[in-house]
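Below, each chain spelled out in residue letters.
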Amino acid sequence: MTKLQINHRTTYRYSRAVGLLAHRLILSPRTDKQLRTLCFSVDCSVSGSIGWAKDVFGNTIATVAFSEPTSELTISSAAVVEQTADRWPVFNIDISAHAYPFTYSTDDKTDLGAFAAATSPGNRVADWARAFVGSRPTDTLSLLKDINAGILTNVSYRIRDEEGTQSPQQTLELASGSCRDIAALFIEAARCLGFGARAVSGYVYDPQASVDDSGSTHAWAEVYLPGAGWIAFDPTHRRVGEACLIPVAFARSNGQIMPVTGGYTGTPEDFVGLDVSVKVVEIGE
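One numbering rule holds for all chains: residues counted from 1, following each sequence as written. Reporting in this predicted model follows two pLDDT cut-offs: at least 70 for local features of residues, and 80 or more for side-chain atom pairs to be given and counted; totals over whole chains, interfaces and linings ignore these cut-offs and use all residues. Side-chain numbers here rest on the full set of heavy atoms in the structure, without hydrogens or water.

**Student:** It is not clear to me how the side chain of Asp234 should be interpreted in this structure. Could you clarify?
**Tutor:** Starting at the N terminus, helices and strands are each numbered in turn, a helix being any DSSP run of H or I of at least four residues and a strand any DSSP run of E of at least two. Mapped onto the elements of the fold, Asp234 is located in strand β13 (residues 229–234). Residue burial is assigned from relative accessible area. The probe radius is 1.4 Å, only protein chains are included, and a residue is buried under 20% of its type maximum, exposed over 50%, and partly exposed in between. When charges are counted, neither His nor the chain ends are considered; positive counts come from Lys and Arg and negative counts from Asp and Glu. Any Lys or Arg side-chain nitrogen found within 4 Å of a carboxyl oxygen on Asp or Glu counts as a salt bridge. Among buried Asp, Glu, Lys and Arg side chains, Asp234 stands out as unpaired, with Arg239 the closest opposite charge at 4.7 Å. Two N or O atoms form a polar contact when they lie within 3.5 Å of each other; inside protein one atom must be a possible hydrogen donor and the other a possible acceptor, and for residues adjacent in sequence the pair counts only when both atoms belong to side chains. Here His218 takes part through its side chain, which lies 2.9 Å from a polar atom of the side chain of Asp234. In this structure, Asp234 is in contact with Asn148, His218, Ala219, Trp220, Arg239 and Leu245, ignoring residues within four places of it in sequence. Any two residues having at least one pair of non-hydrogen atoms within 4.5 Å are treated as being in contact.

Shown next, in the form of structure tokens:
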């Protein structure tokens with residue numbers, strides 16, 4: 001078991017006092033069988049009211065309505081979690097899904113819905129994904145691991161400050177992308193092959209990182225396999241399983257689960273800058 005402390009701070013700066021629109025926060029770690037949230041808090045430097053709700057995916061959403069103008073807004077969250085994920089997990093995949101291709105049950109097909117719907121079944125991404133299928137049938141988990149490990153052969157990771165997510169085809173054409181772009185490419189490739197896949201946002205912890213680089217927000221993917229359930233695939237780090245990953249939310253696409261979204265009343269020139277800092281550290285009992 002690993003106990004981790006997560007501190008996440010987002011600061012917006014403006015050239016003058018502006019009116020803040022409601023901000024949507026998705027920051028609370030999502031408890032599952034391998035992750036337990038011991039405590040969580042969120043604080044804003046500008047006074048306002050916070051409403052809590054669950055979205056259609058069951059993610060915890062905080063909506064903040066601010067009551068006064070400001071030239072700077074800082075949103076801070078803190079959490080302590082316990083993680084028990086195995087670094088070398090064994091997945092109990094149902095025998096019906098051991099070999100690819102397989103067919104989801106009627107109920108699974110219905111419930112997966114948009115999670116299994118490729119947006120570009122006839123383009124370059126589909127052709128690229130099919131190239132990983134060496135034979136039919138082939139081992140299902142090995143196929144997904146090959147795609148997960150193979151993306152960085154074609155695509156280089158780069159820090160990208162622009163908002164939004166590149167389309168999977170753009171990422172292939174540019175041969176580079178951020179973690180959210182790389183995850184989106186993996187998801188689309190999996191869907192093109194008939195798998196149910198979803199986007200996950202959260203944090204990554206690297207026990208080998210320096211004190212000055214002790215964690216970050218992160219995006220990865222999960223694929224649904226009968227018997228095993230949702231399995232985490234992190235193509236940015238070529239990892240499988242939830243070890244070192246702290247999920248906050250999942251959805252059909254990355255754009256639905258950005259950590260902090262909001263706006264202000266004013267002109268584009270009023271916006272000066274945005275700073276984000278994340279620290280994920282292991283703590284004792």
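Text resumes after the structure shown.
**Student:** Explain unusual backbone geometry here, please?
**Tutor:** With glycine set apart, most residues show a phi of negative sign, and most peptide bonds adopt trans. Here the residue pair Tyr100 and Pro101 is connected by a cis peptide bond, since its omega of 5 degrees sits within 30 degrees of zero. Among the secondary structure elements, Pro101 is positioned in the loop between β7 (99–100) and α1 (106–112). Each neighbour pair has its own omega, and for Arg136 with Pro137 the value is 0 degrees, a cis peptide bond. Looking at the element boundaries, Pro137 is found in the loop between α2 (124–130) and β8 (138–139). Residue Cys244 is not a glycine yet carries a positive backbone phi of 75 degrees.

**Student:** It is not clear to me how the sheet that holds strand β5 (residues 60–66) should be interpreted in this structure. Could you clarify?
**Tutor:** Adjacent strands of a sheet pair through backbone hydrogen bonds, lying either parallel or antiparallel. At least two bridges found by DSSP between two strands are what make those strands a pair. Strand order in the open sheet formed by 4 strands is β4-β5-β2-β16, and the pairing between neighbours is antiparallel. Whereas interior strands pair on both sides, the edge strands pair on one side only; in this sheet they are β4 (48–54) and β16 (260–261). The pairing of strand β2 (residues 23–25) with β16 spans 2 bridges and is classified as antiparallel. Each residue of the ladder has a partner; that of Arg24, found in β16, is Thr261.

**Student:** Got a minute to help me understand a nonpolar patch on the surface in this structure?
**Tutor:** On the surface, a cluster of nonpolar side chains totalling about 260 Å² of accessible area is made up of Phe271, Leu274 and Val276. On the secondary structure map, Leu274 appears in strand β18 (residues 271–282). Taking the relative accessible area as the measure of exposure, Leu274 reaches 43% and is therefore partly exposed. What goes into a patch is any residue over 30% in relative accessible area without a salt bridge, connected to like charges within 9 Å or, for nonpolar side chains (Val, Leu, Ile, Met, Phe, Trp, Tyr), within 5 Å. Computed with the Shrake-Rupley method and a 1.4 Å probe, the accessible areas treat only the protein chains shown as cover for residues.

**Student:** What should I look at first to understand the sheet that holds strand β11 (residues 196–204) in this one?
**Tutor:** With antiparallel pairing, the 5 strands of this open sheet are ordered in space as β14-β13-β12-β11-β15. Edge positions in the open sheet fall to β14 (239–240) and β15 (245–251), since each of these has one partner strand only. Axis lines are fitted to C-alpha atoms, over the contacting stretch for helices. Their N-to-C directions set the angle, which ranges from 0 to 180 degrees. Sheet contacts for helix α5 (residues 179–192): β11, β12 (216–225) and β13; angle to β12, the most-contacted strand, approximately 10 degrees.

**Student:** Is there a simple way to explain the side chain of His218 in this structure?
**Tutor:** In this fold, His218 is placed in strand β12. Residues within four places of His218 in sequence aside, it is in contact with Cys179, Val200, Ser201, Gly202, Tyr203, Val204, Asp234, Thr236, His237 and Leu245.

**Student:** So what exactly am I meant to see when it comes to helix α3 (residues 140–154) here?
**Tutor:** For an α-helix, the turn length of 3.6 residues means that residues three or four places apart are oriented alike. Multiplying 1.5 Å by the residue count of a helix minus one yields the expected span of that helix. Over its 15 residues, α3 extends 22 Å from the first C-alpha to the last, a length consistent with the 21 Å expected when each residue adds 1.5 Å. For a residue, the bend is simply the angle between two axes, fitted respectively to the seven-residue segment ending there and the seven-residue segment starting there. Taking the largest bend as the criterion, α3 deviates by roughly 25 degrees, centred on Asn148. One side-chain oxygen of the residue at the start of α3 lies 3.4 Å from the amide nitrogen of Leu141, identifying that residue as Asp139.

**Student:** Help me understand α5 in this model?
**Tutor:** Its 14 residues place the ends of α5 20 Å apart at the C-alpha level, agreeing with the 20 Å of an ideal helix rising 1.5 Å per residue. For α5, the buried fraction is high: 14 of the 14 residues fall into the buried class. Count one or two residues on from α5 and you reach Gly194, which has phi positive near 100 degrees.

**Student:** How should I be thinking about the packing of α3 against α5 in this particular structure?
**Tutor:** A pair of packed helices is characterised by two quantities: the angle between their axes and the separation of those axes. Packing of α3 against α5 leaves a shortest axis separation of 10 Å and a crossing angle of 145 degrees. Handedness of the α3/α5 crossing: right-handed. Within the contact between the two elements, α3 uses Leu144, Ile147, Asn148, Ile151 and Leu152 and α5 uses Ile182, Leu185, Phe186 and Ala189. Ten residues, namely Ala, Val, Leu, Ile, Met, Phe, Trp, Tyr, Cys and Pro, are considered nonpolar, four, namely Asp, Glu, Lys and Arg, are considered charged, and the remaining ones, Gly among them, are considered polar. Tallied by class, residues from the contact of α3 with α5 come to 8 nonpolar, 1 polar and no charged. Handedness of each helix crossing follows the sense of rotation of the near helix against the far helix: counterclockwise by less than a right angle gives left-handed, clockwise gives right-handed.

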